[in-house]
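# Tertiary structure, described
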Amino acid sequence: MKVRNYIKLEFPALSINESFARSATAGFVAQLDPTLEELDDIKTAVSEAVTNCIVHAYPDSVGKISLRLCIYEGGGFEIRVRDWGKGIENIDMAMQPMYTTGGEDRSGMGFTIMESFMDMLSVSSAPGKGTTVVMQRVIKQRESRR
C-alpha cells in the first residue's frame, strides 16, 4: 500500500491528552470524508487505545505515548498507538472481553471495542518494554464523494 499522508504525535500519558488524541485523529482522518458514524467509531477506538496506555502501561508514573496515523491510497488508514510501559504478560488473555488489570472500575472491554470498530486490530507487547496497538480500517467512497 502506498502512503498518501501521515502524522506522528508524542505526548505524556495523562488523561487530559486522551481527548486530544481523539480530536487529532478525527481531524486527520477527515480528509477521507468519513460519515459521522465512521468518525465516532474511529475516535472511540483511539480513545480506548490511549486510555489503555494511561491506565495499564503507566499505572504509577507518567510515561509517553506515540500516536501515528497513516492514510493509504484507496481510502485505507492505520492507527498505531505505542507506549514504553510495563507491557502485557498474556496478550490472548488481555484481549478477552471483561478481562482487566485496572481494578473494578475498569470494564475490560477496550480491545473488544477497538476490534469491533476497526477492520483489523493487532497487539504486540513485551513485559517491561511496552505495547503497540495497530488498527486499520477502510473508508469506502460514497457515491457523493466520487
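Our structure is the block above this text.
The rules we used
Residues numbered from 1 in each chain as written. Predicted model: local features only at pLDDT ≥ 70, side-chain atom pairs only at ≥ 80, totals over all residues. Heavy atoms only, no water. Helix = DSSP H or I, 4+ residues; strand = E, 2+ residues; numbered from the N terminus. Buried < 20%, exposed > 50% of the residue type's maximum accessible area, 1.4 Å probe, protein only. Contact = heavy atoms within 4.5 Å. Areas by Shrake-Rupley, 256 points an atom, 1.4 Å probe, with all protein chains shown as cover. Pairing = 2+ DSSP bridges. Axes fitted to C-alpha atoms, helices over the stretch in contact; angles between N-to-C directions. Parallel < 35°, antiparallel > 145°, perpendicular 65-115°, else oblique. Left-handed = near helix turned anticlockwise from the far one by under 90°. Nonpolar A, V, L, I, M, F, W, Y, C, P; charged D, E, K, R; others polar. Core = buried A, V, L, I, M, F, W, Y, C linked by side-chain atoms within 4.5 Å.

### Considerations on the overall build of the protein chain
The helix and strand tally for the protein chain stands at four helices and five strands. Secondary structure elements of the protein chain occur, N-terminal to C-terminal, as β-α-α-β-β-α-α-β-β. Relative to its 146 residues, the protein chain shows a buried fraction of 42%. When contacts within the protein chain are restricted to residue pairs at least 6 apart in sequence, those whose partners lie at least 24 apart make up 66%. Accessible surface for the protein chain amounts to roughly 8000 Å². Of this, 50% is attributable to carbon and sulfur atoms.

### Quick look at unusual backbone geometry
Of note in the backbone geometry, Asp33 takes a positive phi value of approximately 55 degrees without being a glycine. Note on placement: Asp33 falls in the loop between helix H1 (16-29) and helix H2 (36-57).

### Re the pairing of strand E3 (residues 76-83)
Burial runs high along E3: six of the eight residues are buried. Looking at chain direction, strand E2 (residues 64-72) and E3 are connected through seven bridges and run antiparallel. Bridge pairing in E3 links Ile71 to Phe77. Remark: three residues form the turn of the hairpin made by E2 and E3, two consecutive strands paired antiparallel; Gly74 in that turn has positive phi of roughly 100 degrees. Here E3 runs beside strand E5 (residues 130-138); their pairing, made up of eight bridges, is antiparallel.

### Quick word on the side chain of Thr132
Secondary-structure assignment places Thr132 in strand E5. Relative accessible area serves as the criterion here: at 14%, Thr132 is assigned to the buried category. Once residues within four sequence positions are removed from consideration, Thr132 is found in contact with Arg80, Val81, Arg82, Ser122, Val123 and Ser124.

### Considering the packing of H2 against helix H4 (residues 110-117)
Where H2 contacts H4, the axes come no closer than 9 Å and their chain directions differ by 150 degrees. The angle between H2 and H4 places the two elements in the roughly antiparallel class. Where H2 crosses over H4, the handedness of that crossing is left-handed. Between H2 and H4, the contacting residues are Asp41, Thr44, Ala45, Glu48, Ala49 and Asn52 on the first element and Gly110, Phe111, Ile113, Met114 and Phe117 on the second. In terms of residue class, the contact of H2 with H4 is made up of six nonpolar, three polar and two charged.

### Re the nonpolar core
Counting residues in hydrophobic clusters, the biggest one holds 32 residues, and the most contacted among them are Phe77, Ile79 and Met135. Put simply, the parts of the chain that give this core at least two residues each are H1, H2, E2, E3, H4, strand E4 (120-126) and E5. With eight residues, the top contributor of residues to this core is H2. Those residues in contact with Ile79 that sit more than four places away from it in its chain are Thr25, Ile42, Val46, Leu67, Arg68, Leu69, Met118, Val133, Val134 and Met135.

### Quick look at the environment of Ala13
Mapped onto the elements of the fold, Ala13 is located in the loop between strand E1 (3-12) and H1. When its relative accessible area of 5% is taken as the criterion, Ala13 is described as buried. Non-local contacts of Ala13, meaning those with residues more than four positions away in its chain, are made with Ile54, Tyr58, Val62, Gly63, Lys64 and Ile65.

Remember, this is a structural readout, not a statement about activity or role.
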